[in-house]
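# Coordinate analysis (summary)
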Amino acid sequence: MTTDELRVLGAADLAEFLALADADPVVNVFADHRARTTGLDPRWLGGEVWGRFVSGRLVAACHAGANLVPVQCDQESAARFAERAVQVGRRASTIVGPDAAVRQIWQTIDGAWGAAREERWLQPHLEIAGDPLVDPDPGVRNTTREDLAALYPACVAMYTEEVGVSPEATGGAELYRARIQQLIARQWSFARFDDAGEVIFKAEVACVSPYAAQVQGVFVPPHRRGEGLATHGMAAVVEHVRRSIAPVVSLYLNDWNHPARTAYERVGFTESARFATIMF
């Protein structure tokens, strides 16, 4: 008899979950990172990871915290997780992951979580597993605590432009500043500064597994765009990351961001999947 069960995963499921994520380790780097750093303990997750078991075998999962993230979900699994999400109510500020799974989740939720603030479909997911194709910017380096005063405003500007709301809204400045400080401490924050001390390029590593590192927060101030700073800056980030953090560098971006897509392709990134993001 075939059994089909959804349940919350725990520490005893960690090895099986990591094996599931390993089916597409670069696409699943966020979930892999969260599992390894928390041991699937809900106290450290700030949420739960749900698993779908068919005949006792884990076939799909879903990270359900601040982000709802499907892992190796076919249409049926995505719908099952969406039904559970409706039952528990909205806790996430975003749904993000492979486009087909996110579409199925969103269709199944069918208004139960209220209206989305923004829907972003068919976001190119890009990867590079070799040396960059252009010269790295030698001025890009790991940031330090002493850089925070100059770096923080650039991080706020990037977030506001990308997400559409300031990270400092509703009293979030202290938490966001702590996040930037954490990235600096981990040596996951990179930037180039001009002679006046202004940030003219920056990027951060968001999450890491033994297989990949996902980059976020790529930013060049508007008055310095069009100079190639992002292209050569990202080449430097790729070198730094592949040398000391993970062998593959990935990121995803909005499908309408053609200048960024062009810059990444010049560096050597290639498309490996399509993502979608629903923001509340």
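All of the points below concern the structure found in this document. All values reported here derive from a predicted model rather than from experimental measurement.

Time to look at the pattern of salt bridges. Going through the model one piece at a time under the given rule, you end up with 18 salt bridges. Residue Asp-147 is joined to Arg-141 by a salt bridge in which the shortest nitrogen-to-oxygen separation is 2.8 Å. A relative accessible area of 11% places Asp-147 in the buried class. Across the salt bridge formed by Lys-202 and Glu-204, the nearest N and O atoms sit 2.8 Å from each other. The class of Lys-202 is buried, set by a relative accessible area of 0%.

With that settled, consider empty space enclosed by the protein. Applying the stated criterion across every chain, the model contains one cavity of 30 Å³ or more. In this structure, the largest cavity spans a volume of roughly 60 Å³. Lining the largest cavity are Trp-50, Ala-64, Gly-65, Leu-68, Ala-85, Val-88, Gly-89, Arg-91, Ala-92 and Trp-113. In terms of residue class, the lining of the largest cavity is made up of seven nonpolar, two polar and one charged.

Let us now look at the environment of Gly-97. Relative to the helices and strands, Gly-97 resides in strand 5 (residues 94-98). Accessibility expressed as a relative area gives 1% for Gly-97, which makes it buried. In the structure, Gly-97 is positioned 163 residues away from Ala-260 in sequence and 20 Å away in space, judged by C-alpha atoms. Leave out the neighbours within four places in its chain, and Gly-97 touches Pro-70, Val-102, Arg-274, Phe-275 and Ala-276.

Time to look at the packing of helix 8 (residues 229-244) against helix 9 (residues 258-267). Running from N to C, helix 8 and helix 9 cross one another at 50°; their axes reach a closest spacing of 9 Å. Of the possible angle classes, the one that applies to helix 8 and helix 9 is oblique. Crossing geometry of helix 8 relative to helix 9 is assigned as right-handed. Contacts from Thr-231, Met-234, Ala-235 and Val-238 in helix 8 reach Ala-263, Tyr-264, Arg-266 and Val-267 in helix 9.

Before going further, it helps to spend a moment on the pairing of strand 4 (residues 67-71). The buried fraction of strand 4 amounts to four of the five residues, a majority that puts the element mostly inside the structure. Of the strand pairs in this sheet, strand 3 (residues 57-64) and strand 4 are connected by four bridges, and their pairing is antiparallel. Across the sheet, Ala-64 pairs through a bridge with Leu-68, a residue of strand 4. Connecting strand 3 to the next strand, strand 4, in antiparallel fashion are two residues. Where strand 4 and strand 5 come together, two bridges link them in parallel fashion. Opposite Asn-67, over in strand 5, you have Thr-94 as the bridge partner. Following the chain from strand 4 across helix 4 (residues 75-88) to the adjacent parallel strand 5, one finds a crossover that is right-handed.

Procedures and definitions
- Residues numbered from 1 in each chain as written.
- Predicted model: local features only at pLDDT ≥ 70, side-chain atom pairs only at ≥ 80, totals over all residues.
- Heavy atoms only, no water.
- Salt bridge = Lys/Arg side-chain N within 4 Å of Asp/Glu carboxyl O.
- Buried < 20%, exposed > 50% of the residue type's maximum accessible area, 1.4 Å probe, protein only.
- 1 Å grid on protein atoms, 1.4 Å probe; cavity = no way out; pocket = protein on both sides within 12 Å on 5 of 7 lines; lining within 4 Å.
- Points joined across faces, edges and corners; volume = space filled by probe spheres on them.
- Nonpolar A, V, L, I, M, F, W, Y, C, P; charged D, E, K, R; others polar.
- Helix = DSSP H or I, 4+ residues; strand = E, 2+ residues; numbered from the N terminus.
- Contact = heavy atoms within 4.5 Å.
- Axes fitted to C-alpha atoms, helices over the stretch in contact; angles between N-to-C directions.
- Parallel < 35°, antiparallel > 145°, perpendicular 65-115°, else oblique.
- Left-handed = near helix turned anticlockwise from the far one by under 90°.
- Pairing = 2+ DSSP bridges.
- Right-handed = clockwise from strand over helix to strand, strands pointing away.

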